[in-house]
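The primary structure of each chain is shown beneath.
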Amino acid sequence: MIPLSIPEISGNEWAYVKECLDTGWVSSAGPFVNRFEQEIAHRTGAGHAVAVVNGTAGLQLALILAGVRPGDAVLVPSLTFIAPINAVRYVGAEPVFLDCDDYYNMAPEALLRFLDDACVTRVNGCVMKDSGRRIAAVIAVHVFGNAVDLEPMLSTCRERSIALVEDATESLGTRYSTGALAGRHTGSIGDFGVLSFNGNKVITTGGGGMLLTSDPAAAAKARYLSTQAKDDPIRYVHDEVGYNWRLTNVQAAIGVAQLERLDEFVAARRRHHARYGELLAGVSGLEVAPVPPWAFNNCWLTAVRIDASRFGMDREQTMAHLQTKGVESRPLWHPNHLQRPYRDCVAWNVGRSVSLWEQTLNIPSSAGLTDEQLGKVVTALRDARGL
Ligand SMILES: Cc1ncc(COP(=O)(O)O)c(C=O)c1O
């Protein structure tokens, strides 16, 4: 089976993990944690990076630090993995689902239209007309590593005192190439950004995440909260409810080794995306999903869009066909406004999210995908057309 996205672990991972074991630095305080944080901060241009156990915890931490309170509303895309939506619920807030653009990301126009039409400014901030809920934050997810059209969203949020959290869990290596944000890395622009080092991501620590912020006080608070809020670490005095969320030194050691090869991994994934585009051009009813032209995108996962009437198979049939040919593929996440825990939440004109979900399939994109494997995927898709 040619897998969708697997890690490439063939660098200094063994050596650095051995160093942890040999020195006894295995737990959360340790030299590799500090080094991983410094190197990620340097790579992304974020002022501060705080290593945590996973991206989901990082998102929850970001919402806490952004001042999201129980009963608030947080604007989220419907089309994304469920983790950022769950993080909203973990802090007692309610997600409100907005529609996406052609690159699967929250559309700036959808955000502006929702705030103009469905919300009003009161003394306590921007609130929803119907429910009176305060709009405390927006979570912009850089889906598949595609850079969100963030520039207009930044001013939309700032004008209304709404916090902007970037879910950059899929987009390490993605940076803007045009406009006012040119040169800036995803995750380093909003009030907070969050990375993930889950096994299927561009780099992995097995499981892990990183909170990014330019605010030194927020970074200090993130370290405090993620290490059980120790006000006196010797006598175990705690003035707040904290969390056990710090990344271990062993995981950070893997992360440092992986980060050494980030450019290579991103180059490979971008090459795969381009090659799929060339080899599948002209297949009727099939299109490699475009990536936003305003950024150098990491192309974490390549997606194809299927027009079932012209291709002759819908998304599910294509996935089943690829399976018989030894190719793993996956549909997009079930839209979150249709997920059982979130069906009663507000979903604001999310028609495009549903139609893109119906048409899209992710295909093998690992950095280590060989030319031969990529050729097999292309042949399997071309064969499907012939059936
Ligand atoms: C968009 C998105 N947000 C959040 C997460 C959660 O990250 P983690 O698995 O590290 O908790 C993931 C991936 O796993 C993701 O794809």
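Residues numbered from 1 in each chain as written. Predicted model: local features only at pLDDT ≥ 70, side-chain atom pairs only at ≥ 80, totals over all residues. Heavy atoms only, no water.

## Quick notes on the sheet that holds strand β13 (residues 302-306)
Pairing in this open sheet of four strands is antiparallel, and the strands run β11-β13-β15-β14 from one edge to the other. Here the strands that pair on one side only, and so sit at the sheet edges, are β11 (286-288) and β14 (330-331). Summarising the sheet, β11 and β13 pair through three bridges and their orientation is antiparallel. Its bridge partner lying in β13, L286 is registered against I306. (Pairing = 2+ DSSP bridges. Helix = DSSP H or I, 4+ residues; strand = E, 2+ residues; numbered from the N terminus.)

## Brief notes about the site of the ligand
With respect to spatial proximity, 16 residues lie near the ligand, and among them T56, D167, E170, S196 and K201 are the closest. Between an oxygen atom of the ligand and a side-chain N or O atom of T56, the distance comes to 2.5 Å. Side-chain polar atom of S196 to an oxygen atom of the ligand: 2.7 Å apart, as the coordinates give it. Protein contacts shield 92% of the accessible area of the ligand, which totals 380 Å² for the unbound molecule. (Near = heavy atom within 4 Å. Polar contact = N/O pair within 3.5 Å; in protein donor to acceptor, adjacent residues only side chain to side chain. Areas by Shrake-Rupley, 256 points an atom, 1.4 Å probe, with all protein chains shown as cover.)

## Overview of the domain arrangement of the chain
Each domain of the chain was delimited in the assignment, giving domain 1 (13-259) and domain 2 (262-386). Placing a centre on the C-alpha atoms of domain 1 and another on those of domain 2 gives a separation of 26 Å. With 49 residues of domain 1 at the contact, the number on the domain 2 side is 41 residues. Overall, the association of domain 1 and domain 2 removes approximately 4000 Å² of surface from exposure, summing both partners, and the carbon and sulfur fraction of that is 58%. Three residues, F97, Y104 and F144, lead the burial of domain 1 against domain 2; their summed loss comes to 18% of the area buried on that side. Its salt-bridge partner being D102, residue R305 comes within 3.2 Å of it at the nearest N-O pair. Connecting domain 1 to domain 2 are 26 residue pairs in polar contact (both at pLDDT 80 or more). (Domains from an automatic or database assignment. Contact = heavy atoms within 4.5 Å. Buried area = accessible area lost by both parts, 1.4 Å probe. Salt bridge = Lys/Arg side-chain N within 4 Å of Asp/Glu carboxyl O.)

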